[in-house]
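Below are the chains, spelled out letter by letter.
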Amino acid sequence: LVPGAVDREIPPPSRDPYPKTNQPRVLFAGNIYRKQTQAEAHRVLVQKLNALGKALHARGIRLYMLGIGDVSKLAPQYVTYLGAVPYDESWDYMQWCDVGVVVSAGPFQHNNESTKIYHYLRAGRPVVSEEGFPNDYVVRRAKCGFVVPHSNMELMAEQVERAVHQPWDRAYAVQYILDHHTWDKRVEVYNRILGAP
């Protein structure tokens, strides 16, 4: 299993791409799949996003989804779908959100890291993630966010609200990612193993 990573250099913040609102913005960026390809993962992810969106709505916080997959069952009163955008443009959404979130399709993703974690932190955003990803320790080591027990969307919403208002050392989180989790850092390891003596 090759661990994921993130680009060392990212586009600087540009325009604010979100709809105008006074509500804090919470972003889920990723793939929620389709019934025709990964039906169970699709069902679970949609269910969790709707539940999280509802719990955040009650706290005056808006959940947004950016990415691909069948969004027909997302509850628009609780989750705003932003569509899919080119990779470079996705950084604007990450850099202008208040918190990035990660939900899991199962209790333990033994073969599937969440690369969202690297991307949110590289953008200097706090992360609230469900536990069970092989790389959820990154949130703790970056000291920028919370990891919550699996399948507790109410607690997740509480931690998102806390993350919105808590001060974070975002520069520390970014530097942690630059020091440990860029593609350059991954290549260094493989170069030592596979490179010429």
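In this report, we go over the structure that sits alongside the text.

**Some remarks on the pairing of strand E4 (residues 99-102)**
By the alternation rule, side chains of E4 split into Val99 and Val101 and Gly100 and Val102, which are all buried. By the bridge criterion, 2 bridges tie strand E1 (residues 25-31) to E4 in an arrangement that is parallel. The residue of E4 that forms the bridge with Val26 is Val99. Note: E4 against strand E5 (residues 127-130), 3 bridges, orientation parallel. Residue Gly100 lies in a different strand from E5, and its bridge partner there is Val127.

**A look at helix H1 (residues 39-57)**
Taking 1.5 Å per residue as the helical rise, H1 with its 19 residues ought to reach 27 Å, and the 27 Å between its terminal C-alpha atoms agrees with that figure. Burial in H1 covers these residues: Ala41, His42, Val44, Leu45, Val46, Lys48, Leu49, Asn50, Leu52, Gly53, Ala55 and Leu56. Those residues of H1 hidden inside the fold are in contact with E1, strand E2 (62-68), strand E3 (79-81), E4, E5 and helix H5 (153-165).

**Here's the deal with the sheet that holds E1**
In space, the 6 strands of this open sheet follow the order E3-E2-E1-E4-E5-E6, with parallel pairing throughout. Only two strands of the sheet have a single partner each, and these edge strands are E3 and strand E6 (145-148). For this sheet, the mean inter-axis angle between neighbouring strands, taken without regard to orientation, is 25°. Across the sheet, H5 is in contact with E1, E4, E5 and E6; its angle to E5 comes to roughly 165°.

**Here's the deal with the nonpolar core**
Core analysis: the largest hydrophobic core is formed by 57 residues, its most contacted members being Leu27, Val101, Leu121 and Val128. Residues within four places of Leu121 in sequence aside, it is in contact with Val127, Val138, Val139, Ala142, Cys144, Ala173, Val174 and Ile177.

**A short note on the layout of surface pockets**
Considering only enclosed or pocket space, the largest pocket measures out at about 580 Å³ in volume. As for the largest pocket, its lining consists of 28 residues, of which Ala29, Gly30, Asn31, Thr115 and Lys116 are closest to the centre. Every element with two or more residues in the lining of the largest pocket is listed here: E1, H1, E2, helix H2 (87-96) and helix H3 (115-122). Its residues assigned to classes, the lining of the largest pocket shows 15 nonpolar, 11 polar and 2 charged.

**Some details on the environment of Glu154**
Note that Glu154 resides in helix H5. C-alpha of Glu154 to C-alpha of Gly53: the two residues are 101 residues apart in sequence and 9.9 Å apart in space. Here Glu154 is in contact with Ala55 and Arg59, once residues within four sequence places are set aside. Within the structure, the side chain of Glu154 is placed 3.0 Å from the side chain of Arg59, a separation counted as a polar contact.

**Notes on the packing of aromatic side chains**
Going through the model one piece at a time under the given rule, you end up with 4 aromatic pairs. With 5.0 Å between their ring centres and 70° between their planes, Tyr18 and Tyr64 make a pair best called edge-to-face. A residue pair is termed long-range when its members are at least 10 positions apart, and Tyr18 in the segment before E1 and Tyr64 in strand E2 qualify at 46 residues. When its relative accessible area of 3% is taken as the criterion, Tyr64 is described as buried. Seen in terms of ring centroids, Tyr87 and Trp91 are 6.1 Å apart; in terms of plane orientation they differ by 80°. Their pairing is edge-to-face. Placement of both Tyr87 and Trp91 in helix H2 is noted, with a separation of 4 residues, approximately one turn of the helix. Three or more aromatic residues link up through ring pairs in this structure, and these residues are Tyr18, Tyr64 and Tyr93.

Parameters at a glance
- Residues numbered from 1 in each chain as written.
- Predicted model: local features only at pLDDT ≥ 70, side-chain atom pairs only at ≥ 80, totals over all residues.
- Heavy atoms only, no water.
- Buried < 20%, exposed > 50% of the residue type's maximum accessible area, 1.4 Å probe, protein only.
- Helix = DSSP H or I, 4+ residues; strand = E, 2+ residues; numbered from the N terminus.
- Pairing = 2+ DSSP bridges.
- Expected span 1.5 Å × (residues − 1).
- Contact = heavy atoms within 4.5 Å.
- Axes fitted to C-alpha atoms, helices over the stretch in contact; angles between N-to-C directions.
- Core = buried A, V, L, I, M, F, W, Y, C linked by side-chain atoms within 4.5 Å.
- 1 Å grid on protein atoms, 1.4 Å probe; cavity = no way out; pocket = protein on both sides within 12 Å on 5 of 7 lines; lining within 4 Å.
- Points joined across faces, edges and corners; volume = space filled by probe spheres on them.
- Nonpolar A, V, L, I, M, F, W, Y, C, P; charged D, E, K, R; others polar.
- Polar contact = N/O pair within 3.5 Å; in protein donor to acceptor, adjacent residues only side chain to side chain.
- Phe/Tyr/Trp six-rings, centres within 6.5 Å; stacked < 30°, edge-to-face > 60°.

From the geometry alone we can't say anything about function, so treat these as descriptive.
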